[in-house]
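Spelled out from the first residue to the last, the chains are:
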Amino acid sequence: MRTILGTIGSATCLAAVLALTASTTQARNLLTDPGFESGAPGQLNPIPIPGGVGGGWAVFNGATFSTAHPESGTYSLQASEGAASAWNFEAAYQVIGGVTAGQKYTATGKFMATTALSAYNPVFIQLDYLSASGTDIGTVETSPGHALAVQYGAPVVGTWYTATVTATAPAGAVYVAPYFAMMENGANPTAETIFWDTTTMTLVPEPSSLALVGLGLVSTLIWRRRQ
């Protein structure tokens, strides 16, 4: 009986280790240069697919790597707009591969404003899921969009805040493109500047993997007590 319990316990322990390893892999930051410490974008916009997948940041519409206000390290991402600029989307983004339908990804970043922001806050994170050909397949989740001003009670100038979004990959998704962005919508009569830093992009662990880890730990304790 002890031999059988030992075999079951060993097998369950091994399964738990494998599940824990998978969970750790899922929690790994998938972004290249998440703190913008390279000092410059790694590739041109638009990012070519598949050649640019996993190749780091591209920027557009005036977003730039800056040493002015890093949250940590030397650089951060800066986006600035003139007074009442209408619907100008500034962002840094990259394309990440290995996506399959049903997977959940979470993107997180810290942002700070160095000027007062309008009631319709232009700071947000966006996740675009792409097909094998690089076509946007229509799943775009924004967090929390212009609601940031409401969520944080109008962000205090010079204070770092954390924004996050989680989105599930739809059928046909092969790539995911996280955007750390600013969208000036013309509502603010004065110029605006924000900074992004300390970004992450992780695959959310599946509940089954976490349950297997727990089962393995419990089985291990039972097995050891019976030795």
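To keep things clear, this report deals only with the structure shown in the data block. Keep in mind that this is a model prediction, so the values were computed, not measured. The residue count restarts for each chain, going from 1 along the sequence in the order it is written. In keeping with the model being predicted, local features are shown solely for residues with a pLDDT of at least 70 and side-chain atom pairs are shown and tallied solely at 80 or more, while totals for entire chains, interfaces and linings include all residues. Values shown for side chains rest on all heavy atoms present in the structure; no hydrogens or waters enter the calculation.

**Regarding the overall build of the protein**
Part 1 of the argument: Secondary structure elements are defined from DSSP: runs of H or I of at least 4 residues count as helices, runs of E of at least 2 residues count as strands, and each element is numbered from the N terminus. Assigned secondary structure in the protein consists of three helices and ten strands.
Part 2 of the argument: From first element to last, N terminus to C terminus, the protein shows the α and β order α-β-β-β-β-β-β-β-α-β-β-β-α.
Part 3 of the argument: Between buried and exposed lies partly exposed: a residue is buried under 20% and exposed over 50% of the maximum accessible area for its type, with that area taken using a 1.4 Å probe on protein chains only. Of all 227 residues assigned to the protein, the portion counted as buried reaches 43%.
Part 4 of the argument: Whether two residues touch is decided by their heavy atoms; if any such pair falls within 4.5 Å, the residues are in contact. Residue pairs in contact within the protein that sit at least 24 positions apart in sequence constitute 80% of those at least 6 positions apart.
Part 5 of the argument: Counting every atom, the protein has about 10,700 Å² of accessible surface; 62% of that belongs to carbon and sulfur. Calculation of accessible area relied on Shrake-Rupley with a 1.4 Å probe; when residues are assessed, cover is drawn exclusively from the protein chains displayed.

**Observations concerning the packing of aromatic side chains**
Part 1 of the argument: Think of it this way: a Phe, Tyr or Trp ring, Trp meaning its six-membered ring, pairs with another when their centres are within 6.5 Å, and the plane angle makes it stacked under 30 degrees, edge-to-face over 60, tilted otherwise. Following the criterion strictly, the structure yields 13 aromatic pairs and no others.
Part 2 of the argument: With a centroid separation of 5.6 Å and 55° between ring planes, the pair formed by F111 and W196 is classed as tilted. Taken together, the residues F111 in strand 5 (residues 104-113) and W196 in strand 10 (residues 192-203) connect sequence positions 85 residues apart. Taken as a pair, F111 and W196 share a single burial class, namely buried.
Part 3 of the argument: One aromatic cluster is present, formed by F36, W57, F65, F111, Y161, F180 and W196 through successive ring pairs.

**Regarding the sheet that holds strand 8 (residues 161-168)**
Part 1 of the argument: For two strands to be treated as a pair, DSSP must find no fewer than two bridges joining them. Taken together, the five strands give an open sheet; going across it, the order is 2-3-10-5-8, and neighbouring strands pair in antiparallel fashion. The open sheet is flanked by strand 2 (64-66) and strand 8, the only strands paired with a single partner. Averaged over all pairs of adjacent strands, the angle between strand axes in this sheet comes to 35°, irrespective of strand direction.
Part 2 of the argument: Pairing between strand 5 and strand 8: eight bridges, direction antiparallel. Axes, fitted as lines to C-alpha atoms, cover a helix only where it is in contact. Angles between the N-to-C directions of the axes lie from 0 to 180 degrees.

**Some points on the pairing of strand 10**
Part 1 of the argument: Counting buried positions along strand 10 yields ten of twelve residues, so the element is predominantly enclosed.
Part 2 of the argument: Here strand 3 (residues 76-81) pairs with strand 10 via five bridges, running antiparallel. What sits directly across from L77, in strand 10, is W196.
Part 3 of the argument: Note: strand 5 against strand 10, eight bridges, orientation antiparallel.

**Here's the deal with unusual backbone geometry**
Part 1 of the argument: A cis amide bond links N45 to the next residue, P46, at an omega of 0°.
Part 2 of the argument: Here P46 is to be found in the loop between helix 1 (2-26) and strand 1 (58-60).
Part 3 of the argument: Following I49, the chain continues into P50 via a peptide bond in cis, with omega recorded as 10°.
Part 4 of the argument: Even without being a glycine, F36 presents a positive backbone phi close to 60°.
Part 5 of the argument: Along the chain, F36 falls in the loop between helix 1 and strand 1.
Part 6 of the argument: Residues other than glycine seldom take positive phi values, yet N61 does so here, at roughly 60°.
Part 7 of the argument: Following the sequence through the fold, N61 ends up in the loop between strand 1 and strand 2.

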